[in-house]
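Secondary and tertiary structure notes
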Amino acid sequence: MTTTSGLKKIAEGREAEIYEWEPGTVLRLFRDARAAESIEYERAAMEAVRAFVPLVPVVLGVTEVMGRPGIIMERIDGRDLLSVIAKRPWMVWRAGQIAGEVHARLHSVVAPASIPSLRERADGVSRSPLVPPHIAVWALRELDAMPDGDRLLHGDFHPGNILMSAHGPVVIDWTNVTRGNPDADLGRSLLILRIGELPPGSPLVLRVAARFARSLLRTSYLRAYRHARPADMRVVRQWETLRAADRLAEDIPEERTALLAILEAAMAVG
């Protein structure tokens, strides 16, 4: 049985670890053994994007290591945009522009029918013990009134998931992919840029840089996105609040207080 002992870890996030695999490739190995189904969604999403724009790595196959599912893909050499900001703080505005431009391009891609809708994902989120029942009921009710769609939604789009390769930006980590309205994905990204915490193990310099860069990054990202693709900001703001509910289900302790405050304030208004 293949083990990770002979593999060199080169990166990691909350859901998965990245290991060197065969020459020119990497293995994205999920921490949760139950993630096999989400790998198929991730694979379908990346193949759909690749057929339209070269903004994702080439998917080469799937495998299993010590009972954990993994996806084998093209290795992309380059820093993610958060690391770029940490090394070159003056690049923060440009990093936001790149993120906005790329996200708008991704939202031109129609999602494969095999990928679950955002509404289906919301049903699962509502049953999470991490989401208080009164918030789950409110969020599902509000979701029913929101516009639907057929576009590919990344679900965790932020500068840390954009690698700057020699050929341009490449988007990674499609674990949370769904099908729906692009404004929902835009709202989710704005929420992450507003309160999102960096993954465990992030260097101190990156944490300090991210704290000071949030506002500029968010502003330049949104401006670039709206220049490339129209967005109804009233609807986007509603989505930004609603997406706090599914963010709660991801169990990020450092964000929980802020997420609950956002949701409770929205519920108090009605």
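Shown above is the structure to which this text applies.
Description of the structure in this document. Only a predicted model underlies this, so the values are computations on that prediction, with no experimental measurement involved.

1. Description of the pattern of salt bridges
- Overall, the coordinates contain 23 salt bridges when judged by the stated rule.
- In this structure, Arg31 and Glu12 form a salt bridge, with 2.7 Å as the shortest nitrogen-oxygen distance. Taken together, the residues span a long stretch of sequence, with Arg31 in the loop between strand 3 (25-30) and helix 1 (36-50) and Glu12 in strand 1 (residues 9-12) at a distance of 19 residues.
- For Arg31, a relative accessible area of 36% puts it in the partly exposed group.
- Note that Arg31 and Glu17 form a salt bridge whose closest N and O atoms lie 3.7 Å from each other. With a gap of 14 residues between them, Arg31 in the loop between strand 3 and helix 1 and Glu17 in strand 2 (residues 16-20) connect regions that are remote in the sequence.
- The network of salt bridges with shared partners includes Arg121, Asp156, Arg188, Arg243, Asp246, Arg247, Glu250 and Glu255.

2. With respect to the pairing of strand 8 (residues 168-171)
- As judged from the four bridges shared by strand 7 (residues 162-165) and strand 8, these two strands associate in the antiparallel manner. Residue pairing for strand 8: Met164 is matched across the bridge by Pro169.
- Hairpin connection of strand 7 to strand 8: two residues between the antiparallel strands.

3. Quick notes on the side chain of Thr178
- Positionally, Thr178 belongs in strand 9 (residues 178-180).
- Assessed through its relative accessible area of 3%, Thr178 is described here as buried.

4. Overview of the packing of aromatic side chains
- Inspection of every chain in the model, using the stated rule, returns zero aromatic pairs.
- Between the NZ or CZ atom of Arg28 and the centre of the ring of Phe30, over which it lies, the distance is 5.0 Å.

5. Observations concerning unusual backbone geometry
- The backbone of Asp173 sits at a positive phi, close to 60°, despite the residue not being glycine.
- Note on placement: Asp173 falls in the loop between strand 8 and strand 9.
- The phi dihedral of Asp251 is positive, around 60°, even though this residue is not glycine.
- Note on placement: Asp251 falls in the loop between helix 8 (233-248) and helix 9 (253-269).

6. Comments concerning the side chain of His107
- Counting through the fold element by element, His107 comes out in the loop between helix 3 (92-106) and helix 4 (118-126).
- A polar atom in the side chain of His107 sits 2.7 Å from the side chain of Tyr225.
- Ignoring any residue separated from it by four or fewer positions in sequence, one finds His107 in contact with Arg151, Leu152, Leu153, Pro182, Asp185, Leu186, Tyr225 and Arg229.

Conventions used here
Residues numbered from 1 in each chain as written. Predicted model: local features only at pLDDT ≥ 70, side-chain atom pairs only at ≥ 80, totals over all residues. Heavy atoms only, no water. Salt bridge = Lys/Arg side-chain N within 4 Å of Asp/Glu carboxyl O. Helix = DSSP H or I, 4+ residues; strand = E, 2+ residues; numbered from the N terminus. Buried < 20%, exposed > 50% of the residue type's maximum accessible area, 1.4 Å probe, protein only. Pairing = 2+ DSSP bridges. Phe/Tyr/Trp six-rings, centres within 6.5 Å; stacked < 30°, edge-to-face > 60°. Lys NZ or Arg CZ within 6 Å of the ring centre and 35° of its normal. Polar contact = N/O pair within 3.5 Å; in protein donor to acceptor, adjacent residues only side chain to side chain. Contact = heavy atoms within 4.5 Å.

Functional significance is not addressed by these values, which are geometric in nature.
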